[in-house]
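Residue-level structure breakdown
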Amino acid sequence: MGSWGLPPHGGSPFVFPHDAVIHIVLAISVLLASPGRSQAEPVIQDYQTELIERARQTRLADEREWQLLLHYGVDLFGRAASEEDDEGFFLSPRGKYDPQAELDATIAQFFVADPVGRSKQPAQCAFIARYHWLKERLQFDPHRLAPATCGRFDRWRTEMNPQGVSLIFPAAFLNNPASMFGHTFLRIDQRGQTEQTRLLAYTIDYAADVPDGAGIEYAYKGIFGAYKGFFSTPPYYLKVQAYRDIENRDMWEYQLNLTPDQIDRLLMHAWEMGNAYFDYFFFKENCSYHILSLLEYANPSLHLRDRFSLWTIPADTVRAVIDSPGLVGAATYRPSRSTIIKRKRALLTNEERSLSIGLMRDPDIAGNASFAALPLLRRALVLDVASDYLRYKGESDDPEVTVYKERNRRVLTERSKLSIPSAEIDIRPFTKQPDVGHRTTRVTLGGGWRNNDTFEEASFRAVYHHLLDPEPGYTPDAQLEAFAVTVRRYNQADRVRVERATLINILSLSPIDDLFRAPSWRVNVGMDTLRRRGCQLCDNVVADGGVGAAMESHVLNREVYFAFAEAEANYSKAYEERHRVGGGATVGMLADVTDRWKLMLSWSYRRYPFGDKSDDIRWYAGSRVTLAQNWAVRMDYNHRDRDNDVVVSLQAFF
């Protein structure tokens with residue numbers, strides 16, 4: 001869930017130069033309403049009191065639109081409480097917890113020109129969605145409550161030039177903690193927009209304001225709400241550059257079917273959000289959660305956030321939007337640079353592939369006889385592949401970026417000499433769009449055999465995806481699981497215990513080739529059960545991780561071979577010194593046997609020179625067969641130091 005395009009600390013992403021005309025208009029309107037100030041004030045006070053009383057009689061503070069505008073929910077004690085955390089967002093000192101007090105104060109503030117909120121505008125302009133909703137419901141008399149001229153908002157909306165809205169989903173990116181689950185934001189599609197000008201449209205994004213170099217600090221601050229989250233409106237091309245070009249993330253664009261009035265409501269509320277911040281919670285009140293809140297105010301009949309009471313996963317929010325009847329129109333795929341390069345490169349012969357790599361290293365190869373012997377269209381494709389890769393490297397953080405840019409300039413010069421257009425190539429994604437994937441929460445029921453005992457077990461995993469889960473809709477060869485627990489009952493021992501628990505388990509396999517050489521890595525923190533010395537079923541706390549490499553082949557269908565160098569620390573009463581620390585290696589294979597059948601094999605060796613001095617040899621075999629989008633059957637076999645465990649299970653995702 002990304003953190004770019006943010007406003008400066010304390011600033012608003014929607015602020016334009018101060019418009020003093022607002023104050024002049026309001027002052028003149030008050031003077032014209034009465035011969036003198038002493039007579040005007042009681043008239044204004046009487047109408048203000050009348051409006052507040054009418055709002056109370058019709059119970060406007062209890063209506064869904066008001067609750068959405070102020071982001072009210074219910075706290076642990078059953079009281080109304082707003083999710084907003086910026087005091088400047090509330091016009092009543094009790095506004096965060098009292099919807100009626102905030103509505104009364106809002107109406108009162110509409111009668112004065114004092115600047116409010118972080119954007120320092122009169123209330124009618126700073127909280128323009130509140131004003132228009134209350135104006136519609138209470139039928140404001142313009143002679144007794146003069147409407148303000150909100151020049152800054154009008155210019156902002158004109159610049160947006162809205163005709164439609166699209167929901168954008170950049171795929172998950174494991175190498176950035178903020179983006180491990182993906183991200184969502186909105187694009188405001190402009191009138192007259194074409195495929196070529198779409199990149200110039202503005203977006204509405206919500207993200208945490210994370211300082212540069214936060215590192216491990218992000219993990220706990222992001223989880224526990226220690227960062228502030230802001231809305232911002234960067235141009236779409238900046239988002240594409242960050243996600244697609246730099247982080248190599250495929251993007252999916254979902255056109256939303258909103259009416260012109262609903263688009264106006266969304267924009268007005270987004271403008272209001274420039275006056276406030278939320279405490280950012282990585283798992284709950286994150287980018288996707290607050291994007292859903294904008295859509296709910298645009299169309300209050302939507303109840304998108306009701307599905308996310310404990311955590312909010314971006315891919316699940318996409319599914320929630322798509323599940324809403326009639327809300328989503330066309331879906332468009334925007335491939336990452338690496339996907340484009342890999343798909344085009346797959347069309348080359350071995351000779352052409354060698355020539356493309358040579359051109360990336362030395363563009364003068366375009367003058368060689370072997371290159372000149374290729375047909376014109378094949379030469380064009382080889383040069384296109386070389387240029388795509390050099391451009392990708394030229395926009396990365398590689399220290400040789402200037403070298404790649406110069407080589408690309410020379411390759412493009414050679415390409416221009418051919419004077420033919422590039423062939424139209426259908427760039428297909430390596431994985432399907434997120435809405436066709438399994439849901440992220442998983443429950444499992446199974447049974448099996450361990451040593452001389454049989455057992456039944458039940459598992460619950462809060463989020464997100466395992467390598468052996470059905471792959472459509474998820475980043476290939478990537479695993480991220482959090483907050484999982486398995487409870488097992490052993491029959492002969494007549495014992496129920498927590499067999500396994502996972503705090504976090506991440507594994508990223510990045511197959512290397514002659515162009516892409518990203519490392520593979522893994523990290524795991526949790527507990528499992530071991531058999532050691534006299535203890536048959538002992539708790540064992542585990543923290544381990546490793547760095548390695550992976551390679552891909554297509555002998556059967558698709559296979560990924562991997563190897564890791566690893567370090568591990570254990571804590572258990574089964575060890576003489578209660579702990580052991582060491583390391584070792586793991587090698588294995590992940591294979592797509594068919595579209596529905598996946599297989600994983602691995603072998604590991606551990607040597608522990610510190611604490612309880614010992615070693616382990618382990619091997620694992622796992623297999624999954626997909627029954628339906630959210631149903632699978634799985635079998636796992638684990639061997640560890642004369643401890644054998646076999647389990648067959650049925651998995652359901654929801």
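First things first, this report covers the structure right here in the doc. Keep in mind that what you see is a predicted model, and the values were worked out from it rather than measured. (Residues numbered from 1 in each chain as written. Predicted model: local features only at pLDDT ≥ 70, side-chain atom pairs only at ≥ 80, totals over all residues. Heavy atoms only, no water.)

Quick notes on the pairing of strand β3 (residues 162-170)
For β3, the tally of buried residues reaches eight of nine residues, placing the bulk of the element in the interior. As paired strands, β3 and strand β4 (residues 185-190) are joined by six bridges and run antiparallel to one another. When the sheet's bridge partners are listed, V165 is paired in β4 with I188. (Buried < 20%, exposed > 50% of the residue type's maximum accessible area, 1.4 Å probe, protein only. Helix = DSSP H or I, 4+ residues; strand = E, 2+ residues; numbered from the N terminus. Pairing = 2+ DSSP bridges.)

What to know about the state of the cysteines
Taken as a whole, this structure holds two disulfides when the rule is applied. Each sulfur of the disulfide joining C535 and C538 lies 1.4 Å from the other. In this structure the cystine formed by C535 and C538 twists about its S-S bond by roughly 115 degrees; its chirality is therefore right-handed. Given the relative accessible area of 1%, C538 is considered buried. (Disulfide = S-S within 2.5 Å.)

Observations concerning helix α14 (residues 350-361)
Helix length check: α14, at 12 residues, gives a terminal C-alpha distance of 17 Å against a target of 16 Å (1.5 Å per residue), a fit within 8%. Burial in α14 covers these residues: E352, L355, S356, I357, G358, L359 and M360. Residues of α14 that are buried sit in contact with α13 (337-345), α15 (369-372), α16 (376-394) and α17 (401-416). (Expected span 1.5 Å × (residues − 1). Contact = heavy atoms within 4.5 Å.)

So, the sheet that holds strand β8 (residues 278-280)
One open sheet holds the seven strands; their spatial order is β8-β6-β5-β4-β3-β7-β9, and the pairing between them is antiparallel. The two strands at the open ends of the sheet, each matched to only one other strand, are β8 and β9 (328-334). Taken pair by pair, the neighbouring strands of this sheet meet at an average axis angle of 30 degrees, ignoring direction. Relative to the sheet, helix α9 (residues 236-246) contacts β3, β4, β5 (202-208), β7 (251-256) and β9, its axis offset from that of β7 by approximately 145 degrees. (Axes fitted to C-alpha atoms, helices over the stretch in contact; angles between N-to-C directions.)

Comments concerning a nonpolar patch on the surface
Taken together, the side chains of W597, V625, L627, W631, V633, M635, V648 and L650 present a nonpolar region at the surface, about 690 Å² in accessible area. The dominant element in the nonpolar patch, judged by the number of residues it contributes, is strand β20 (residues 631-640), at three residues. In this structure, M635 sits in strand β20. Overall, the relative accessible area of 45% leaves M635 in the partly exposed class. (Patch = residues over 30% accessible without salt bridge, like charges linked within 9 Å, V, L, I, M, F, W, Y side chains within 5 Å. Areas by Shrake-Rupley, 256 points an atom, 1.4 Å probe, with all protein chains shown as cover. Salt bridge = Lys/Arg side-chain N within 4 Å of Asp/Glu carboxyl O.)

As for the pairing of strand β14 (residues 520-532)
Among the 13 residues in β14, 10 count as buried, and that is most of the element. Sheet topology note: the strand β13 (residues 495-508)/β14 ladder contains seven bridges and is antiparallel. Bridged to I504 within β14 is V525. Pairing between β14 and strand β15 (residues 535-553): 12 bridges, direction antiparallel. By the bridge assignment, T529 is partnered in β15 with D539. Where β14 folds back onto β15 in an antiparallel hairpin, the turn is made up of two residues, including R533, whose phi is positive at roughly 50 degrees.

Some words on the nonpolar core
Core analysis: the biggest nonpolar cluster contains 96 residues, and L134, L186 and L266 have the highest contact counts within it. Per-element accounting of this core gives the leading share, seven residues, to helix α10 (residues 260-273). Once you skip the residues sitting within four places of it in the chain, L266 turns out to touch L186, I188, I204, L258, L294, L295 and A298. With 24 residues, the next largest nonpolar core counts I357, M360, L374 and V385 among its residues. (Core = buried A, V, L, I, M, F, W, Y, C linked by side-chain atoms within 4.5 Å.)

So, the sheet that holds strand β12 (residues 478-490)
With respect to topology, 12 strands assemble into a closed barrel ordered β10-β11-β12-β13-β14-β15-β16-β17-β18-β19-β20-β21, the strand pairing being antiparallel. Across the sheet, the axes of successive neighbouring strands diverge by a mean angle of 20 degrees, strand direction being ignored. Across 12 bridges, strand β17 (residues 579-592) lies against strand β18 (residues 597-611) in antiparallel orientation. Note on β18: the bridge partner recorded for G584 is R606.

Overview of the pattern of salt bridges
Inspection of the entire model under this criterion finds 72 salt bridges. With its nearest N and O atoms 3.3 Å apart, the salt bridge here joins D245 to R337. Residue D245 is located in helix α9, and its partner R337 is located in helix α13; the two are separated by 92 residues in the primary sequence. Overall, D245 belongs to the buried group, its relative accessible area being 7%. A salt bridge links R558 to D592; the shortest N-O distance between them is 3.7 Å.

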